[in-house]
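Report on the structure
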Amino acid sequence: MMFRYILALGLIILGAVLVLANIGIIDFQIDEYWGLIIPLVIMLLGLKLFIDEFKYKGGSWIFGSLLVIFGSLLLLGELGIIEFTFSDIVKLWPLLIIYVGYSIIKPGRRHKTFVSEKDDKEKKFYDKKVRRLSVGDHEFKQPNWKVEPMNLWTAAGSYYIDFTKAFIPEKEIPITINSWAGDVQILLPEHVAFRIDASVKAGEIKIIDQTADGVINHSIFYESVDYDIADRKLDITVKLKAGSIRVDTV
């Protein structure tokens, strides 16, 4: 909201200055200031992305901080303090190493998401677990752990999810797992309805009695017979670039 006000105020001021310049009241040549305006716009956009990330509004601290740094260096270059131009953005590639390193040790975050249920006019919050750019193994097997909507993403690593030890609320719960490389093993209780859409670019898939391996770009879709009528059910999506997916019931 604050960014919108700043942007609106900036446009209003710029428009007013241009009008006054066009009618000869003030002397203002916009061409002389583009070198300052563009870096400031880049910095503001980066700041918005950075802030939105921590306010859970879909921003990105990585791209946000990159734009802030890039815009700041452009501004300093325009002011003659340092030598830096648009083409020098390639010199910032070591920032990618810093981002990956930080993301590896960065803990998983819990995002508050606002939803409304069809059978309840009151709006409720649920926690949505999200992991980004992480590397390592993740396990969900604590006794009576609560199953909530999850969107899990790793660059490389394995997942072991034991739903037989979990508390599963009576509703449809979406769970998404994305990974470049790794193994995913899921254990489900027989009395819980579920469907799973599993795909892997290179590797193997085994879901109950269905198997796919030895080929590239294959997938398996499985849905329990009582899924549509069940009150308690899991909607699982697993996508891997390379690795294996295994789902069993007990």
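Higher on the page you've got the structure.
Quick look at the structure, then. None of the values given here were measured: they were computed from a predicted structure. (Residues numbered from 1 in each chain as written. Predicted model: local features only at pLDDT ≥ 70, side-chain atom pairs only at ≥ 80, totals over all residues. Heavy atoms only, no water.)

What follows deals with the overall build of the chain. Counting its secondary structure elements, the chain contains four helices and 12 strands. Here the chain holds 250 residues, and the buried ones make up 34% of them. Counting contacts in the chain only where the partners sit at least 6 residues apart, residues at least 24 apart contribute 54% of the total. Counting every atom, the chain has about 15,600 Å² of accessible surface; 60% of that belongs to carbon and sulfur. (Helix = DSSP H or I, 4+ residues; strand = E, 2+ residues; numbered from the N terminus. Buried < 20%, exposed > 50% of the residue type's maximum accessible area, 1.4 Å probe, protein only. Contact = heavy atoms within 4.5 Å. Areas by Shrake-Rupley, 256 points an atom, 1.4 Å probe, with all protein chains shown as cover.)

As a further point, take unusual backbone geometry. For Asn 144, which is not a glycine, the phi torsion comes out positive at approximately 60°. Structurally, Asn 144 is set in the loop between strand S3 (138-140) and strand S4 (145-146). By relative accessible area, Asn 144 is classed as exposed at 58%. Residue Ile 208 is not a glycine yet carries a positive backbone phi of 55°. Relative to the helices and strands, Ile 208 resides in the loop between strand S9 (193-207) and strand S10 (210-212). Residue classification places Ile 208 among the partly exposed positions, given a relative accessible area of 22%.

The terminal C-alpha atoms of helix H3 (residues 61-78), which comprises 18 residues, lie 25 Å apart, in line with the 26 Å expected from a rise of 1.5 Å per residue. When H3 is considered as a whole, its buried residues turn out to be Trp 61, Ile 62, Gly 64, Ser 65, Phe 70, Gly 71, Leu 74, Leu 75 and Gly 77. In the stretch just after H3, Gly 80 is the one whose phi turns positive, near 80°. (Expected span 1.5 Å × (residues − 1).)

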